Amino acid sequence: AEAGAAPGDLVHAGDLWMGDVMHGPLVVAPGGKLRKSYLVSQLDAATRYLPHSYFALSEDACAHEYGMKQALLKAGRPRAYYVDLGAAYVARSLRLICGELGIHLIHTAPRDCQAKGAIERWHRTWRDEVGDELSKEPITLDELNAIHWAWLGAEYHARVHSTTGRAPREHWLGEIAHLRTLPGGVSIDEVFLHRAVRTVRKDA
């Protein structure tokens, strides 16, 4: 889809997911080196539920698509996916994935920071409640994800959201009838394969 405004009123879960990346803290990577972490997330705009969210060591297309694949396996297909113009979100591979799964891919307009306000607000909540409470000493990526998922499950998804008036998990579960399953007969692993065109010379 071309860049443009997000759809208007979002009535049901799965109408629109927002995808985004937040720069996270330094973590101890395999081998003992310090690396920057990135929080890769998909947020359901109607319920504020996160089908998947995890910390990775990159914000590239592979890191994003891994997270999206996990979200799809757990929560089915959104009708639309709203992302910015970052490299991972304008990648040809994402366009192919959305096309094959019948997901309408929508991009924000250039420099339209307010367009994804819901997920940006969620990032701020994470920083206030989790990021500011982390130890000053770097922890491993696995430890950071364990803390993150514990907070999601016990705190964020369980309490009433100030915008919707409902707890995200309870809201999401109440909308199960409106969710779209993955299409039958489609291998999700094959959908997420990256394609590459190569020219074979006569000498192979």
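Bear in mind the structure is a predicted one, so any value in this text is a computation, not a measurement.

This paragraph deals with the packing of helix H1 (residues 61–75) against helix H2 (residues 92–101). Between H1 and H2, the least distance of the axes is 11 Å, while the angle of their chain directions is 20 degrees. Put simply, H1 runs roughly parallel to H2. Here H1 runs over H2; the crossing is right-handed. Contacts between H1 and H2 pair Ala61, His64, Glu65, Met68 and Leu72 from the former with Ser93, Leu94, Ile97, Cys98 and Leu101 from the latter. Along the lines of polarity and charge, the residues of the contact of H1 with H2 split into seven nonpolar, two polar and one charged.

So, on to the pattern of salt bridges. It is possible for side chains of opposite charge to pair when their charged atoms get near one another. Summed over the entire model, instances satisfying the criterion amount to seven salt bridges. Taking the shortest distance from any N to any O, the salt bridge between Asp189 and Lys69 comes out at 2.5 Å. Placement of Asp189 in helix H6 (residues 188–191) and of Lys69 in helix H1 is noted, with a sequence separation of 120 residues between them. We classify Asp189 as partly exposed; its relative accessible area is 46%. The class of Lys69 is buried, set by a relative accessible area of 18%. Arg159 is paired through a salt bridge with Glu129; the nearest N and O atoms lie 2.7 Å apart. Here Glu129 lies in helix H3 (residues 117–129) and Arg159 lies in the loop between helix H4 (141–154) and helix H5 (168–173), a separation of 30 residues in the sequence. Salt bridges sharing common partners tie together Glu129, Glu155 and Arg159.

Most of strand E2 (residues 34–44) is tucked away, with eight of its eleven residues classed as buried. Pairing analysis gives ten bridges linking strand E1 (residues 17–28) to E2, with the strands arranged antiparallel. For Asp20, the partnering residue across the bridge sits in E2 and is Ser41. Once E1 ends, the chain turns through five residues before running back antiparallel as E2, passing Gly31 with a positive phi of about 95 degrees. Across five bridges, the pairing between E2 and strand E3 (residues 52–56) is antiparallel. Counterpart to Tyr38 in the pairing with E3 is Ala56.

The next point concerns the nonpolar core. Most often, soluble globular proteins keep nonpolar side chains buried together rather than apart. Ranked by internal contacts, the top residues of the largest apolar core, which has 26 residues, are Trp17, Met68, Leu72, Tyr81, Leu94, Leu101 and Ile103. When residues of this core are traced back to their parent elements, those giving at least two are E1, E2, E3, H1, strand E4 (80–83), H2 and H6. Judged by nonpolar contacts, the second largest core, of 24 residues, contains Met22, Leu43, Leu141 and Trp151.

Time to look at the pairing of E4. Across the two faces of E4 the burial is the same, with Ala80 and Tyr82 and Tyr81 and Val83 all buried. Where E4 meets strand E5 (residues 104–107), four bridges bridge the pair, whose relative direction is parallel. What sits directly across from Ala80, in E5, is His104. This β-α-β element, E4 to H2 to E5, shows right-handed connectivity.

Of the voids in this model, the largest pocket is the one considered here, and its volume is about 260 Å³. Together, 15 residues line the largest pocket, and Arg121, Thr125, Tyr156, His161 and Ser162 are the ones closest to its centre. The greatest single-element share of the lining of the largest pocket, amounting to six residues, is contributed by H3. Of the residues contributing to the lining of the largest pocket, the split by class is six nonpolar, five polar and four charged. Taken together, Pro25, Leu26, Val27, Gly131, Asp132, Leu134, Ser135, Lys136, Glu137, Pro138, Ile139 and Leu144 make up the full set of residues lining the second largest pocket. At three residues, E1 tops the list of elements feeding residues into the lining of the second largest pocket.

The rules behind these values
- Residues numbered from 1 in each chain as written.
- Predicted model: local features only at pLDDT ≥ 70, side-chain atom pairs only at ≥ 80, totals over all residues.
- Heavy atoms only, no water.
- Axes fitted to C-alpha atoms, helices over the stretch in contact; angles between N-to-C directions.
- Helix = DSSP H or I, 4+ residues; strand = E, 2+ residues; numbered from the N terminus.
- Parallel < 35°, antiparallel > 145°, perpendicular 65-115°, else oblique.
- Left-handed = near helix turned anticlockwise from the far one by under 90°.
- Contact = heavy atoms within 4.5 Å.
- Nonpolar A, V, L, I, M, F, W, Y, C, P; charged D, E, K, R; others polar.
- Salt bridge = Lys/Arg side-chain N within 4 Å of Asp/Glu carboxyl O.
- Buried < 20%, exposed > 50% of the residue type's maximum accessible area, 1.4 Å probe, protein only.
- Pairing = 2+ DSSP bridges.
- Core = buried A, V, L, I, M, F, W, Y, C linked by side-chain atoms within 4.5 Å.
- Right-handed = clockwise from strand over helix to strand, strands pointing away.
- 1 Å grid on protein atoms, 1.4 Å probe; cavity = no way out; pocket = protein on both sides within 12 Å on 5 of 7 lines; lining within 4 Å.
- Points joined across faces, edges and corners; volume = space filled by probe spheres on them.

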